[in-house]
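Coordinate inspection notes
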Amino acid sequence: MNSTESSFGNMTIDPGALWDDILTTARFGATPKGGVRRLALTEEDRQVRAWFARSCTALGATVWTDTLGNQFARIPGTDASLPPIALGSHLDTQPTGGKFDGIIGVLGGIAVLRALRETKHRTRHPVEIINWTNEEGSRFAPAMLASGVFAGVFTEDYARDRQDRAGVSFGAALEAIGAIGEESCGGHDLAAYLELHIEQGPILEAERCVIGAVTGVQGMRWYDVTVTGRDSHAGTTPMTLRADALQAAALLMTAVREIAHAHAPEAVGTVGSVEVLPNSRNVVPGGVLFTVDFRDPRDETVRAMEHAFRAKATAVAEEHGVTVEIRDIWDSPAVPFDRRLIDAVSESARELGLPAREIVSGAGHDAAYVARIVPTTMIFVPCAGGLSHNEEESATPEDVTAGANVLLRSLLKADALL
Ligand SMILES: [Zn+2]
């Protein structure tokens, strides 16, 4: 038994209370198919926020909201000079979302508060639970808006001006549900940030791992590709005299897949949207627009994929008598998480006898922005079939409990470490 083992004793979270919280929050915006529809800053969101504030207050925490609606619930540590270690995620969902995405990160934090209270364990650092506003980006794009402001990626004004499809601004929506607090967004320091989340992918389940110690969020680049040829008659234009934008585009789309395979095992490349002009069965297409999404944990690999794609585009343009324009849409660099915290998660899993592995996050998370300013990592637990952003999203009570226990133990390790 090592020193942390003895000092933590057998402190664990209350699995029944955590599962009850999951079922309770799932009622705010429950869908007939068993999912959750709780878009940011709607009436359902207001209800779950009120529940969050009530629950944390009942556990002795001080609860407040910043100017962008981020909710904080803090209990003091023994050293008042230290900034808090934060545990959090988001309570908003996709229009047809599940009960777990984001939610277990916040409820896992509440479970940790409960365990600390029941055992009367005092940490050195204050402990803070955070519910970030508008993580999903479904009602107000972009995603991770308020954690982005907290981390200095966006300004508060930029956030407030975002509009939903009905033309309602983020600022007006905040006001409508009474979610505007006094502290400016990013107005206090954090010592560390830990986010428990479902994996939203199939790796942990396939490898029968319960815990993923997340090493970072992969780098991602998005492009819009425009291939321009010449519209012409499908019957009268000989094959040799065509400038067929779709045939050229098809080669480039195949290249996206081949380039990702060439950078196996972690690289991925996706063409998710295609538009053909004029999209008529008897016209040789003169124009094609399609999107490309390249991702890999290493920025060098994402750059290499882009170079390979640009080279292919030049070759295809020449060979097929078309022009290919590649426009940069988004460049999101890879975000490495804090090695000390990643190791704390792995060690916690080992001490609890939980099979674990290191894993890269394929999706964006609030943690990706917070990591820019604060030592950060995430804890992944499996979800059935890797399915997420779906009403059938599902995780077992055992796995969620395991994740929350690793969250608790990692917090205690970070408290000793930082
Ligand atoms: Zn999420």
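For the structure, check the block above.
To start, this report covers the structure provided alongside it. All values derive from a computational prediction rather than experimental measurement. Going along each chain's sequence as written, the residues are numbered from 1 onward. Given that the model is predicted, a residue must reach a pLDDT of at least 70 before its local features are reported, and side-chain atom pairs must reach 80 or more before they are shown or counted; all residues, however, enter totals for whole chains, interfaces and linings. The side-chain numbers reported here are obtained from all heavy atoms of the structure, hydrogens and water having been left aside.

1. Here we look at unusual backbone geometry
Along the chain, Ala264 connects to Pro265 via a cis peptide bond; the corresponding omega equals 5 degrees. For the purposes of this entry, the term helix denotes a DSSP run of H or I that reaches at least four residues, the term strand denotes a run of E that reaches at least two, and both are numbered from the N terminus. With respect to the helices and strands, Pro265 occurs in the loop between helix H9 (245–262) and strand S9 (268–270). Of the consecutive residues Leu277 and Pro278, the connecting peptide bond is found in the cis state with omega at 0 degrees. Examined against the element boundaries, Pro278 turns out to sit in the loop between strand S10 (274–277) and strand S11 (283–284). Its identity as a non-glycine residue notwithstanding, Leu41 has a phi of 65 degrees, on the positive side.

2. Observations concerning the packing of helix H4 (residues 103–119) against helix H13 (residues 397–417)
Note on geometry: axes are lines fitted to C-alpha atoms, helical ones only across the stretch in contact, with angles between N-to-C directions running from 0 to 180 degrees. Between H4 and H13, the least distance of the axes is 9 Å, while the angle of their chain directions is 60 degrees. In this view, H4 runs oblique relative to H13, as classed from their interaxial angle. Handedness of the H4/H13 crossing: right-handed. Residues Ile104, Gly108, Gly109, Val112, Ala115 and Leu116 of H4 pack against Val400, Ala404, Leu407, Leu408, Leu411 and Leu412 of H13. When residue character is reported, Ala, Val, Leu, Ile, Met, Phe, Trp, Tyr, Cys and Pro are called nonpolar, Asp, Glu, Lys and Arg charged, and the others, Gly included, polar. Considered class by class, the residues forming the contact of H4 with H13 number ten nonpolar, two polar and no charged. For classification purposes, an angle smaller than 35 degrees is called roughly parallel, one larger than 145 roughly antiparallel, one from 65 to 115 roughly perpendicular, and anything else oblique. Helix crossings get a hand from a simple test, with the near helix turned counterclockwise from the far one by less than a right angle marking a left-handed crossing and a clockwise turn marking a right-handed one. Contacts are assigned to residue pairs with any non-hydrogen atoms lying within 4.5 Å of each other.

3. A word on the layout of surface pockets
Considered as a void within the structure, the largest pocket measures approximately 1,000 Å³ in volume. The distinction between a cavity and a pocket rests on a 1 Å grid over the protein atoms alone: a 1.4 Å probe fits inside a cavity but cannot get out, while a pocket stays open yet meets protein on both sides within 12 Å along at least five of seven lines, and a residue with an atom within 4 Å of a point counts as lining. Grid points are joined across faces, edges and corners, and a volume is the space filled by probe spheres set on the points. Approximately 200 Å³ is the volume attributed to the second largest pocket. If one sorts the elements of the lining of the second largest pocket by residue count, H4 sits on top with three residues. Of the residues that constitute the lining of the second largest pocket, the class distribution is five nonpolar, three polar and three charged.

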